[in-house]
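# Coordinate inspection notes
Take a look at the letters that make up each chain.
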Amino acid sequence: MRTFYIFKIKNEYATLTKSKPYQLFRMLEYIYNLDKKEVSLGADLFYKMVENLNSKSLDIQLFKKYKENYFYTKFKNIHQVNNLYKKEESKLVVRKHYLLLESSIIKPSFLEDLQNMPNLFLCDFENKDYFWLEKLPV
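Residues numbered from 1 in each chain as written. Predicted model: local features only at pLDDT ≥ 70, side-chain atom pairs only at ≥ 80, totals over all residues. Heavy atoms only, no water.

### Remarks on the sheet that holds strand β1 (residues 2–8)
In spatial order, the strands read β2-β3-β4-β5-β1-β6-β7; together these seven strands make up an open sheet with antiparallel pairing. Every interior strand has two partners, whereas the edge strands, β2 (72–75) and β7 (129–132), have only one. Strand-to-strand, the axes of this sheet are offset by a mean angle of 15°, without reference to chain direction. Two strands pair when backbone bridges link them, and β1 and strand β5 (residues 99–103) are joined in this way by five bridges, in the antiparallel orientation. Within β5, the residue paired with Tyr-5 across the bridge is Leu-100. (Pairing = 2+ DSSP bridges. Helix = DSSP H or I, 4+ residues; strand = E, 2+ residues; numbered from the N terminus. Axes fitted to C-alpha atoms, helices over the stretch in contact; angles between N-to-C directions.)

### A look at helix α3 (residues 39–49)
Taken together, the buried positions of α3 are occupied by Gly-42, Phe-46 and Met-49. Taken end-on, α3 shows its buried residues confined to a sector of 65°, consistent with a single buried face. Away from the buried face of α3 by more than 90 degrees, exposed residues Ser-40, Leu-41 and Lys-48 are located. Residues of α3 that are buried make contact with β1, α1 (11–17) and α2 (21–32). (Buried < 20%, exposed > 50% of the residue type's maximum accessible area, 1.4 Å probe, protein only. Arc of directions from axis to C-beta. Contact = heavy atoms within 4.5 Å.)

### A short note on the layout of surface pockets
Unoccupied space between atoms shows up once a probe the size of one water molecule is rolled over them. Of the volumes computed, that of the largest pocket is approximately 330 Å³. What lines the largest pocket is a set of 13 residues, and nearest its centre among them are Phe-7, Leu-28, Ile-31, Tyr-32 and Phe-46. If you list the elements that add at least two residues to the lining of the largest pocket, you get β1, α2 and α3. If you tally residues by element for the lining of the largest pocket, the top one is α3, at five residues. Partitioned by chemical class, the residues of the lining of the largest pocket number twelve nonpolar, one polar and no charged. (1 Å grid on protein atoms, 1.4 Å probe; cavity = no way out; pocket = protein on both sides within 12 Å on 5 of 7 lines; lining within 4 Å. Points joined across faces, edges and corners; volume = space filled by probe spheres on them. Nonpolar A, V, L, I, M, F, W, Y, C, P; charged D, E, K, R; others polar.)

### Some points on α2
Between its first and last C-alpha, α2 extends 16 Å over twelve residues, near the 16 Å set by a 1.5 Å rise per residue. Buried within α2 we find Leu-24, Phe-25, Leu-28, Glu-29 and Ile-31. With its buried residues spanning 155° around the axis, α2 presents them on a single face. The inward-facing, buried residues of α2 abut β1, α1, α3, β6 (120–124) and β7. (Expected span 1.5 Å × (residues − 1).)

### Some thoughts on the pattern of salt bridges
Within this structure, the stated rule accounts for ten salt bridges. Here Glu-29 makes a salt bridge to Arg-26, at a shortest N to O gap of 2.7 Å. Taken as a pair, Glu-29 and Arg-26 lie in helix α2 at a separation of three residues, close to a single helical turn. By relative accessible area, which is 43% here, Arg-26 ends up partly exposed. A salt bridge links Asp-59 to Lys-74; the nearest nitrogen and oxygen atoms lie 3.2 Å apart. Remark: Lys-74 occurs in strand β2 and Asp-59 occurs in helix α4 (residues 55–66); sequence separation between them is 15 residues. Among the residues examined, Asp-59 registers a relative accessible area of 15% and is labelled buried. (Salt bridge = Lys/Arg side-chain N within 4 Å of Asp/Glu carboxyl O.)

Next up, the structure:
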């Protein structure tokens, strides 16, 4: 099971790090691993780099797309796809500043739905994996 944190990076930081995503990953990883005593420092840096998501709109958009899908369930801001044929178990949690995606496959269904959003950066901190969503082959 892979766990991806999906951030919408502000334009100025996206422009600076498009060709060097490792730098962006290291900054986000640093914030992710901060000690509880240093959270306020990390929060300031985080809010400078990451843009708010329109979480309510995205939540509604996902629900409208998947509501007729037999493999889909939703509870509050948590969207799940359990497709036995594709062997996909994916859960997307919509938050104000990031999305949390847990999936059993490499290219979950939800990534296709996010393709139209610019500057989305995915980080799997445990497996040291990161990429811009637009660089992911469709």
